[in-house]
Amino acid sequence: MTIKQFLNERLPLGEFSAHLRKPLPKHINLLFSLGSLAMFLLLLQAATGAFLAFYYSPSPEHAHNAVTYISTEVPFGAFVRGLHHWGASAMVIIVVLHLLRVVLYSSYKAPRELTWIFGVLLLLIVLGFGFTGYLLPWDEKAYWATVVGVEIASTAPGLGDFVAKVMRGGAEIGAVTLSRFYALHTIWLPWLAFGLVGVHLFLVRYYGSSGTPKNTPEEMKTGKPFYPHQVFEDVVGMLILFVILAAVAIFVPVPLEDVADPTNADYDPRPEWYFLFLFQLLKYFQGPFEVIGTFVIPTVGMLLLLFLPFLDRSERAVLWKRPIALTVTSVSVIGIVVLTILGGTSKKLETTDAAVQETSQPTEQIQGTATPDTETVEEGEAVFDFQLTEEEIEGARAVEEEAQ
Ligand code: HEM
């Protein structure tokens, strides 16, 4: 008895093979490989992350050293870290392109609403990976971007303070925060991500590919088979993506700043590029309106995205034939791109800087409990309530005195 016969007698391999060979819709194009590329990147992140975890240690005393060691001493360490770092950015780009492809061909319409909803949840998970991973090198940018991120979460009405406390694991960002972010990044989010991807892919296979709206009902099952044709195209796409990522990982070093210094109140906090649009948005809402930028717009935006299939009741057609969807999509994409560019090129966001400069009320200014002083804050810039500890404030004062 051959192994094939043995397995065939025990498992429904024939049915599985027939399922994989089912024909796809006639009109399908390369954009339909973006979902598989997202899947590939998720696996690549899991694999490279697993290797990084061999050396990484999530404590403020060791994290930065461990990352330096990985980048300079471990064989292929810099390469694996490069793949993981640039792979995270590629993941965000590919997932967003995949989402836009789904919007382009209105593939979220009935019966695929649930596939879409699980997709939006996956997008949130991908952003969650980015946010939690950013802290792990425990360098200046990691620390201060997290300070800002947690501060933003704390402005949510009602639960904000509680959420911020849970994220920090206490009153300030420190050892517990780092362990928590590490646990989220390496245990909670991967489990959630693979679980959600499982459901997402099940739904994709259950409903079958939607194809482009050009397909007539008769053409929905007259295209090339999924296996081997589509699988072959997807694998070629994966190889090309891997080669590009490998080249970037080899030639572009991953940044690592000095070890985090909670007393460095002069630091200019900046999040990863895919959060820059949110960061920029905050600058337009100050004082009592801060919550509009930190909570209301992002939450409403996310809810609209989540329930898009139920809001857009138009006939299925390509995006250019749906004027409202085209306008909303273009305005959102252009808005996000412009805000990202502004966020990346703008000068320092007034935070603790204003506090250190202003000597008359240093404590209140650093803690941000005082109302923003419009004379010390430039127009269009926001002041955050950092809720720094006494120790951090003392450190900031020392830095200020030293500078004088
Ligand atoms: C980790 C993230 C994701 C992975 C791994 C993933 C994977 C996939 C794969 C492999 C497909 C089938 C091939 C294709 O149509 O491209 C697919 C289809 C789909 N995805 Fe995703 N996806 C992700 C995120 C998203 C997001 C963010 C959305 C939208 C918000 C989304 C919505 C959909 C929809 C509606 C389909 C069905 C498309 C159709 O039948 O034409 N996915 N996804």
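Residues numbered from 1 in each chain as written. Predicted model: local features only at pLDDT ≥ 70, side-chain atom pairs only at ≥ 80, totals over all residues.

(A) Structural view of the overall build of the protein. Helices and strands together make up the secondary structure of the protein, namely 17 helices and zero strands. When the 404 residues of the protein are sorted by exposure, 33% land in the buried category. Sequence-distant contacts, at least 24 apart, represent 78% of the contacts inside the protein between residues at least 6 apart. (Helix = DSSP H or I, 4+ residues; strand = E, 2+ residues; numbered from the N terminus. Buried ≥ 20, exposed ≤ 12 C-beta atoms within 10 Å, placed from the backbone. Contact = placed C-beta atoms within 7 Å.)

(B) The arrangement of the confidence of the model for the protein in detail. Confidence along the protein averages 89 in pLDDT terms, with 86% of residues attaining 70 or more. Here residues 351–387 is a poorly scored stretch, pLDDT under 50, and it has 72 contacts once near neighbours within four places are set aside; other chains count. (pLDDT = per-residue confidence, 0-100.)

(C) Focus on the environment of Ile94. With respect to the helices and strands, Ile94 occurs in helix α5 (residues 77–104). We classify Ile94 as buried; it has 24 C-beta atoms within 10 Å. Taking the C-alpha atoms as reference points, Ile94 and Leu34, separated by 60 residues in sequence, lie 6.5 Å from one another. Beyond its immediate chain neighbours, meaning those up to four positions away, Ile94 contacts Leu34, Leu37, Ala38 and Leu41.

(D) Spotlight on the site of the ligand. The ligand sits among 27 residues. The nearest are Gly35, Ala38, Ser107, Gly119 and Ser210. Elements supplying a minimum of two residues to the shell around the ligand: α3 (34–52), α5, α6 (113–135) and α9 (175–207). When residues of the shell around the ligand are assigned to their parent elements, the largest contribution, seven residues, is made by α6. When the residues that make up the shell around the ligand are grouped by side-chain class, the tally is 17 nonpolar, nine polar and one charged. (Near = placed C-beta within 6 Å. Nonpolar A, V, L, I, M, F, W, Y, C, P; charged D, E, K, R; others polar.)

(E) Quick look at the nonpolar core. Among the nonpolar cores identified, the biggest contains 55 residues, and Ala38, Leu41, Met91, Ile94, Trp138 and Ala142 are the most heavily contacted of them. The set of elements that each furnish at least two residues to this core consists of α3, α4 (63–72), α5, α6, α7 (140–154), α8 (160–168), α9 and α10 (226–251). Per-element accounting of this core gives the leading share, 11 residues, to α5. Look past the residues within four positions of Trp138 in its chain and what remains in contact with it is Pro60, Ala63, His64, Tyr143, Leu178, Val259 and Ala260. Of all hydrophobic cores here, the second largest spans seven residues; its members include Phe275, Leu278, Leu281 and Leu282. (Core = buried A, V, L, I, M, F, W, Y, C linked by C-beta atoms within 7 Å.)

(F) Spotlight on the packing of α5 against α10. Remark: α5 packs on α10, axes separated minimally by 8 Å, with the N-to-C direction vectors making an angle of 125°. Relative to α10, the element α5 is oriented oblique. Seen along the crossing, α5 lies across α10 with a hand that is right-handed. When α5 is examined against α10, the residues Phe79, Gly82, Leu83, Trp86, Gly87 and Ala90 are found in contact with a partner set consisting of Leu245, Ala246, Val248, Ala249 and Ile250. Per-class residue counts for the contact of α5 with α10 are nine nonpolar, two polar and no charged. (Axes fitted to C-alpha atoms, helices over the stretch in contact; angles between N-to-C directions. Parallel < 35°, antiparallel > 145°, perpendicular 65-115°, else oblique. Left-handed = near helix turned anticlockwise from the far one by under 90°.)

(G) Here's a closer look at the environment of Thr115. Tracing the backbone through its elements, the reader meets Thr115 in helix α6. Residue class for Thr115 comes out buried when judged on the 22 C-beta atoms lying within 10 Å of it. Ignoring sequence-local partners within four residues, the contact set of Thr115 consists of His200, Leu203, Val204 and Tyr207.

(H) Seen up close, the packing of α7 against α8. Packing of α7 against α8 leaves a shortest axis separation of 7 Å and a crossing angle of 150°. The orientation of α7 with respect to α8, classified from their angle, is roughly antiparallel. Facing Val150, Ala153 and Ser154 of α7, the residues of α8 in contact are Gly160, Asp161, Val163, Ala164, Met167 and Arg168. Here the residues of the contact of α7 with α8 are counted per class, giving five nonpolar, two polar and two charged.

(I) Seen up close, α3. Between the first and last C-alpha of α3 there are 26 Å, a value that for 19 residues agrees with the 27 Å anticipated at 1.5 Å per step. Among the residues making up α3, those that are buried are Leu34, Gly35, Leu37, Ala38, Phe40, Leu41, Leu42, Gln45, Thr48, Gly49 and Leu52. Next to the buried residues of α3 lie α4, α5, α9 and α10. (Expected span 1.5 Å × (residues − 1).)

(J) Inspection of unusual backbone geometry at higher detail. A cis amide bond, omega 5°, links Ala110 with the succeeding residue Pro111. Structurally, Pro111 is set in the loop between α5 and α6. Following Tyr227, the chain continues into Pro228 via a peptide bond in cis, with omega recorded as 5°. As for its position among the elements, Pro228 is in helix α10. For Ser106, which is not glycine, the phi dihedral falls at a positive 40°. Examined against the element boundaries, Ser106 turns out to sit in the loop between α5 and α6. Given 23 C-beta atoms within a 10 Å radius, Ser106 is considered buried. Of note, Trp138 is a non-glycine position whose phi angle comes to about 50°, a positive value. Within the secondary structure, Trp138 sits in the loop between α6 and α7.

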